[in-house]
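A structural walkthrough
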Amino acid sequence: MDLKKYDKSGKSLNIMPLANKNKQRDYHGKWLEDNSRFEPTPEDIKCELQLSALSVFEPLDGIISYRQFEKEIAKWENAWVPYLRREGISNDRDGLLLVGLEGDTPSDSLSMPEARKRTGKKLKETDFTYKTELYYDLKCLHPILENFDTLGRTMLVKVNQGGWFPPHKDSPMLTRDSIRIVIFLGPNTDVESYQWHMDGKAWPIAPNRAYYVDTRKTHRTNSWTDGSIHCVVNVPKTWENVLKIMSMTKDF
Ligand SMILES: [Fe+2]
């Protein structure tokens, strides 16, 4: 089976063209087009400065019950969808949506480039505000997720053996609209099974723990095992939410 073109059941993949890096990283060009584009508000500056008190990979308090997660995810076993398959690239990763666009189900395409393609709109993380049935099913994650009045795009990502994310930055400008919490689920997320490289090293992930991750910094990930699952949570960047995250840290 050519996993560059078909999913594991033989269905044709919704393949996206390769990313245009030169366009994506042309912050200067975008600024020349519109000088207001990356102008931070006082709240942007306040939030980013406060967040710089945290590590780029800051552990949050509490351990998720993986036994409970396994029970709650069971009915969704066949609902996983391929996560952003790029033209000509083999990359075995799947996803499920917890917070999406209006009318989305957990199996709607969840990567930002796919969501932009299917809606024809320029979307921000905080444009995704609708909780799917899966969100309500995964009660084991609520001790983290329910801290926030609203959430942006939130999803489970399952990286199988050989699956990877290339080195990239997510919204590195001060004006980013959301900040990231990542919850690592199950035994296949420890550093021997799965690696999250950032700032020159693979971070020692404690399975079933949530972290504030500064995804503005270059990061890359890869899995040596099947079924390495993590939940990516986009928290709207507000001063109140920054204070909530400060209050959720494991070490204080
Ligand atoms: Fe990322």
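In this text the structure is predicted, and so the values were computed from the model without any measurement. (Residues numbered from 1 in each chain as written. Predicted model: local features only at pLDDT ≥ 70, side-chain atom pairs only at ≥ 80, totals over all residues.)

This part is about the overall build of the protein. A count of helices and strands for the protein gives eight helices and twelve strands. For the protein, the C-alpha atoms occupy an extent of roughly 50 × 40 × 40 Å along the three principal directions. Counting every position in the protein, which comprises 252 residues, the buried fraction comes to 31%. Sequence-distant contacts in the protein: of pairs separated by 6 or more residues, those separated by 24 or more amount to 81%. (Helix = DSSP H or I, 4+ residues; strand = E, 2+ residues; numbered from the N terminus. Buried ≥ 20, exposed ≤ 12 C-beta atoms within 10 Å, placed from the backbone. Contact = placed C-beta atoms within 7 Å.)

We now examine the sheet that holds strand β9 (residues 201–202). Overall, antiparallel pairing links the four strands, which are arranged β6-β11-β8-β9 in an open sheet. Every other strand in the sheet has two partners, leaving β6 (164–168) and β9 as the edge strands with one partner each. (Pairing = 2+ DSSP bridges.)

In this section: unusual backbone geometry. Located in the positive-phi region is leucine 84, a residue other than glycine, with phi close to 40 degrees. Relative to the helices and strands, leucine 84 is located in the loop between β2 (81–82) and β3 (93–100).

In this section: the pairing of strand β7 (residues 178–185). The buried fraction of β7 is high, at eight of eight residues. Side chains Ser178, Arg180, Val182 and Phe184 project from β7 onto one buried face, and the interleaved Ile179, Ile181, Ile183 and Leu185 project onto a second face that is buried too. With four bridges connecting them, β7 and strand β10 (residues 209–213) associate as antiparallel partners. In the sheet register, isoleucine 181 faces β10, and the bridge partner there is tyrosine 212.

Where burial is concerned, most of β10 is hidden: four out of the five residues are buried. For strand β1 (residues 57–63) and β10, the ladder comprises four bridges, and the chain directions are antiparallel. Bridging from a neighbouring strand, proline 59 pairs with tyrosine 211 of β10.

Right, let's get into the nonpolar core. One finds Leu141, Met155, Ile181, Val182, Ile183, Cys231 and Val233 to be the most contacted residues of the largest nonpolar core, which totals 46 residues. Here the element with the most residues in this core is β7; it accounts for six residues. Contact partners of cysteine 231, with chain neighbours within four places excluded, come to Leu141, Thr154, Leu156, Val182, Ile183 and Leu185. (Core = buried A, V, L, I, M, F, W, Y, C linked by C-beta atoms within 7 Å.)

Now for the environment of glycine 103. Within the secondary structure, glycine 103 sits in the loop between β3 and α5 (112–119). With 27 residues separating them along the chain, glycine 103 and tyrosine 130 place their C-alpha atoms 7.8 Å apart.

With that settled, consider the environment of tyrosine 135. On the secondary structure map, tyrosine 135 appears in helix α6 (residues 133–137). On the neighbour-count criterion, tyrosine 135 (19 C-beta atoms within 10 Å) is partly exposed. C-alpha separation for the pair tyrosine 135 and glutamine 50, spaced 85 residues apart in sequence, amounts to 29 Å.

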